[in-house]
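Structure at a glance
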Amino acid sequence: MKITVQSSKAVKPAYGAGGVTPANAGDVVPLSVFDRANFDTYISVIYAFRPPAPANDVLEAGLARALVEYPEWAGRLGEDDDGNRVIALTDEGARFVEATADVTLDSVMPLKPTPEVVSLHPSGDDAVELMLIQVTRFACGSLVVGFTTQHIVADGRATNNFFLAWSQATRGAAIDPVPVHDRVSFFTPRDNPHVEFEHRGVEFKPYDEKVDADADADEYDHVGDDEVVINKVHLSRDFISKLKSQASVGVHRPYSTLQCVVAHLWRCMTKARGLDGIESTSVCIAVDGRARMSPPVPEGYTGNVVLWARPTATARDLVNRPLKHAVELINREVARINDSYFKSFIDFASSGAVEKERLVASADAAEMVLSPHIEVDSWLRIPFHDLDFGGGRPFFFMPSYLPVEGLLILLPSFFGDGSVDAYVPLFSRDMAVFKNLYSLECI
């Protein structure tokens, strides 16, 4: 598969239509406490569409209209007068890349999580744009759209809302949900701050510790010159039903698909790694605060509203005790990240302690090896299937190649039957064990 870039341009908001006026050149959007605690990195996702697909100039025009509603994505990261990071509403635009492929899409499907897929989206390396998009036309007329976005601007749900807005604007539909840009009033600290939970060593860590962790991870990454490989695992609806049945014996309400699938893969990955029995292993799970906070944060909120649950166990307990034990650990910790926890985090992050103690976000994109721990990015509730530029919904979706050992990515299968696809990255020496173990687990 050879991808040839035909053009690359900045697409700016199409102001002037409908009485909309551009933002003032000096306007900025301050990053919220949740933005600053999130991953400061670019992430990429890939969608595939069958023909017919709108022409590139139609997609470009729709993008320009969507940026009117989402000016953050046409801006740039900067600093205010006090040195705080902000999104400057400069209207400099999003990057729009047009490319072609020399093969039919069916000839390379299903796309696999290998380095080859990075040619289907723009690179975030040295990017100044916050949103970069590549549309690739295949010889059969199929279209692949690759997005590369700065995570500090928005979490997965908010970013997907922009993708939907682009598709809606392209086909002339109303923007839904309506974007909510206020990043200040929803997360103001309480008049009587109450930090009732520990946030040092959880969402924040000392600066020096960050440097040491990066060095340790880099050293571990090169032990034995073993490479990280990614295996795509398909969990059928029937298999998930069995997991939920095993885990939910004796409980009033069955545990969720997410919790049961994560518990199962956490156990499998721990076994495959061959960890010492007394070693602690945790799984880091993102928790969306939109519905958990009171009052709730609007669905159309455009920034990050995520904190993390971190259930922990010894490797021996995790693999020797039943699946139900792991699910209960996950359920309890996810439930703990409630309104009180979110507000405690806001009070702590706004107290000045982070700056005074030179703390940094624990969410560190430089960590390429997570063992003995696991991190989960769940996209199970994000409506990827709704993306429609006028030629129909996507028939395939995937994350880009991201070889971070232990970073588990879950997404709904495009079979549309309740099954789940999991992208499992492990060292090659552990992956062989994982595949054999997983095939036995699925019998």
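This text goes with the structure placed above it.
Source: prediction; values computed, not measured.

Attention now moves to unusual backbone geometry. Of note, the amide linkage connecting Pro51 to Pro52 takes the cis form, showing an omega dihedral of 5 degrees. When you line up the elements, Pro52 lands in the loop between β3 (42–49) and α2 (56–69). The omega torsion of the bond from Ser294 to Pro295 falls at -5 degrees, within 30 degrees of zero and hence cis. Located in the positive-phi region is Asp91, a residue other than glycine, with phi close to 60 degrees. With respect to the secondary-structure elements, Asp91 resides in the loop between β5 (85–88) and β6 (94–101). Within the chain, Asp126 stands out as a residue other than glycine whose phi angle is a positive 65 degrees. Among the structural elements, Asp126 can be located in the loop between β6 and β7 (131–137). Note on Asp126: relative accessible area 80%, which makes it exposed.

Right, let's talk about the state of the cysteines for a bit. Counted by the stated rule, this structure contains 0 disulfides. Left without a disulfide partner, Cys284 is nearest to the cysteine sulfur of Cys260, which lies 19 Å away.

On to the nonpolar core, then. Counting residues in hydrophobic clusters, the biggest one holds 65 residues, and the most contacted among them are Leu235, Trp266, Phe345 and Phe434. A total of 9 residues in this core trace back to one element, the largest contributor, which is helix α6 (residues 257–273). If you look at the next biggest cluster of nonpolar residues, it comprises 62 residues, including Leu111, Leu143, Ala169 and Trp379.

Note on placement: Leu323 falls in helix α8 (residues 323–336). Taking relative accessible area as the criterion, Leu323 reaches 7% and is therefore assigned buried. A C-alpha to C-alpha distance of 6.7 Å links Leu323 and His264, two positions 59 residues apart in sequence. Residues contacting Leu323, with those up to four places away along its chain left out, are Leu243, Gln246, Ala247, Cys260, Ala263, His264 and Arg267.

Another aspect to go through is α2. Relative to the 20 Å expected for 14 residues at 1.5 Å per residue, α2 spans 20 Å between its end C-alpha atoms, a close match to the ideal helical length. Those residues of α2 that are buried are in contact with β1 (3–11), β6, β7, β8 (143–150) and α3 (156–170).

Now for the pattern of salt bridges. Under the criterion given, the structure shown has 21 salt bridges. In this structure, Glu198 engages Arg200 in a salt bridge whose closest nitrogen and oxygen atoms are separated by 3.9 Å. Of the residues examined, Glu198 reaches a relative accessible area of 45% and is grouped as partly exposed. Across the pair Lys343 and Asp339 runs a salt bridge, and its minimum N-O distance is 3.3 Å. One end of the pair is Lys343 and the other is Asp339, both in helix α9 (residues 339–349) and 4 residues apart, which spans about a single turn.

Looking now at the packing of aromatic side chains. Within the structure shown, the criterion is met by 24 aromatic pairs. Aromatic side chains Tyr47 and Phe49 sit 6.4 Å apart centroid to centroid with 20 degrees between the ring planes, which places their arrangement in the stacked category. Cluster of aromatic residues (ring-pair linked, three or more members): Tyr47, Phe49, Phe147, Phe163, Trp166, Trp379, Phe384, Phe389 and Phe397. Taking the ring centre of Phe395 as reference, the NZ or CZ of Arg50 above it sits at 3.9 Å. Over the ring of Phe427 we find Arg429; its NZ or CZ atom is 4.5 Å from the centre of that ring.

On the basis of which strands lie adjacent, the open sheet formed by 6 strands has the order β1-β6-β7-β8-β3-β16 and mixed pairing. Here the strands that pair on one side only, and so sit at the sheet edges, are β1 and β16 (396–399). Ignoring strand direction, the axes of neighbouring strands in this sheet form an average angle of 15 degrees. By the bridge criterion, 7 bridges tie β7 to β8 in an arrangement that is antiparallel. Bridge pairing in β8 links Thr136 to Val144. Along the sheet, α2 contacts β1, β6, β7 and β8; its crossing angle with β6, the most-contacted strand, is approximately 160 degrees. Along the sheet, α3 makes contact with β3, β6, β7 and β8, crossing β8 at roughly 140 degrees.

Thresholds applied
- Residues numbered from 1 in each chain as written.
- Predicted model: local features only at pLDDT ≥ 70, side-chain atom pairs only at ≥ 80, totals over all residues.
- Heavy atoms only, no water.
- Helix = DSSP H or I, 4+ residues; strand = E, 2+ residues; numbered from the N terminus.
- Buried < 20%, exposed > 50% of the residue type's maximum accessible area, 1.4 Å probe, protein only.
- Disulfide = S-S within 2.5 Å.
- Core = buried A, V, L, I, M, F, W, Y, C linked by side-chain atoms within 4.5 Å.
- Contact = heavy atoms within 4.5 Å.
- Expected span 1.5 Å × (residues − 1).
- Salt bridge = Lys/Arg side-chain N within 4 Å of Asp/Glu carboxyl O.
- Phe/Tyr/Trp six-rings, centres within 6.5 Å; stacked < 30°, edge-to-face > 60°.
- Lys NZ or Arg CZ within 6 Å of the ring centre and 35° of its normal.
- Pairing = 2+ DSSP bridges.
- Axes fitted to C-alpha atoms, helices over the stretch in contact; angles between N-to-C directions.

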